[in-house]
Amino acid sequence: DFWVMGYEDGSFFTSSNALTRGDTGTNAASTINAIAYDGTSRWASVGQTGKVYYSDDNFGSVTRAVYPWTSNVFGLCYAGGSINKWIAVGATGRIAHSPDGINFTASTMPGVVGSTHLQAVATDNTTLVAVGNNNMILTSSDGTNWVRVSSSASDGYLLYAVACDIVGAGMR
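The structure reproduced in this document is the subject of the present report. Remember, it's a predicted structure, so these values are computed and weren't measured experimentally.

A tally of regular secondary structure across the chain gives 0 helices and 15 strands. Compactness check: the chain gives a C-alpha radius of gyration of 15 Å against a globular reference of 16 Å for 172 residues, within 12% of the reference. Expressed along its principal axes, the backbone C-alpha trace of the chain runs to roughly 45 × 30 × 30 Å. Counting the 172 residues in the chain, one finds 46% classified as buried. Summed over all atoms, the accessible surface of the chain reaches about 8000 Å², with 50% contributed by carbon and sulfur. Averaging the coordinates of the 8 positive side-chain charges in the chain and doing the same for the 12 negative ones gives two points 7 Å apart.

This structure, assessed with the given rule, holds 8 aromatic pairs. One aromatic cluster is present, formed by F2, F12, Y37, W43 and F59 through successive ring pairs.

A few words now on the sheet that holds strand 7 (residues 63-64). The strand order 4-5-6-7 describes an open sheet built from 4 strands, whose pairing is antiparallel. Looking along the sheet, the strands with just one partner apiece sit at the ends: strand 4 (32-37) and strand 7. Of the pairings in the sheet, the one linking strand 5 (residues 43-47) to strand 6 (residues 52-55) comprises 4 bridges and is antiparallel in character. Residue pairing in the sheet places V46 in a bridge with V52 of strand 6.

For the rest of this paragraph, the subject is the pattern of salt bridges. Going through the model one piece at a time under the given rule, you end up with 1 salt bridge. Across the pair D56 and R42 runs a salt bridge, and its minimum N-O distance is 2.7 Å. Of the two residues, D56 is situated in the loop between strand 6 and strand 7 and R42 in the loop between strand 4 and strand 5; the sequence distance between them amounts to 14 residues.

Attention shifts here to the side chain of S45. Relative to the helices and strands, S45 is located in strand 5. The contact partners of S45, leaving out residues within four places of it in the chain, are F12, I32, A34, I35, K51, V52, Y53 and L76.

As for its placement among the helices and strands, S11 is situated in strand 2 (residues 11-15). Polar contacts involving the side chain of S11 include one to the side chain of D9, which spans 2.6 Å. In this structure, S11 is in contact with M5, G6, T26, N27 and I32, ignoring residues within four places of it in sequence.

Sheet architecture is open: 3 strands sit in the order 1-2-3, paired in antiparallel fashion. Where the open sheet ends on each side, the last strands, each with one partner, are strand 1 (3-6) and strand 3 (22-27). Averaged over all pairs of adjacent strands, the angle between strand axes in this sheet comes to 30°, irrespective of strand direction. Direction of pairing for strand 2 relative to strand 3: antiparallel, over a ladder of 3 bridges. By the bridge assignment for strand 3, S11 is matched with N27.

The rules behind these values
Residues numbered from 1 in each chain as written. Predicted model: local features only at pLDDT ≥ 70, side-chain atom pairs only at ≥ 80, totals over all residues. Heavy atoms only, no water. Helix = DSSP H or I, 4+ residues; strand = E, 2+ residues; numbered from the N terminus. Rg over C-alpha atoms; globule rule 2.2 N^0.38 Å. Buried < 20%, exposed > 50% of the residue type's maximum accessible area, 1.4 Å probe, protein only. Areas by Shrake-Rupley, 256 points an atom, 1.4 Å probe, with all protein chains shown as cover. Lys, Arg positive; Asp, Glu negative; His and termini not counted. Charge placed at Lys NZ, Arg CZ, Asp CG, Glu CD. Phe/Tyr/Trp six-rings, centres within 6.5 Å; stacked < 30°, edge-to-face > 60°. Pairing = 2+ DSSP bridges. Salt bridge = Lys/Arg side-chain N within 4 Å of Asp/Glu carboxyl O. Contact = heavy atoms within 4.5 Å. Polar contact = N/O pair within 3.5 Å; in protein donor to acceptor, adjacent residues only side chain to side chain. Axes fitted to C-alpha atoms, helices over the stretch in contact; angles between N-to-C directions.

Read these as layout, nothing more, since geometry by itself doesn't imply function.
Shown next, in the form of structure tokens:
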């Protein structure tokens, strides 16, 4: 097993057992909000002020990815299967996608999202689900085009997390 933890100061710690940890000495210079793995060799992390980083050496080093905005990024996943994209979600209703975790491009959003913060994203490798403030639930089958899902809950709910029961979907 290999575990990675991101800290508020932007530092990364790794562990082989999740009980003991070692400082990688690598720093993303921004609070780490989410970390994901593509299942082969690439890790990526997202954080405050549009800072997105990737690592191909288990966070021995990080390189800044190209991200289209400077707003906070809260959620990240890798969608394998038919999607094969990294997906990052964040402040002011923004979602970006990347085929390699290095160059992110803005996704097409429905007008109803507005400036609603998106907090998290998950996948089963065929469908992506992003959630956020004001009961915002979005889905996509390609990571590029998104639609809002109608919900019976009132619009005041703040959705902060989403998960799927597919082992390995977006995580190591």
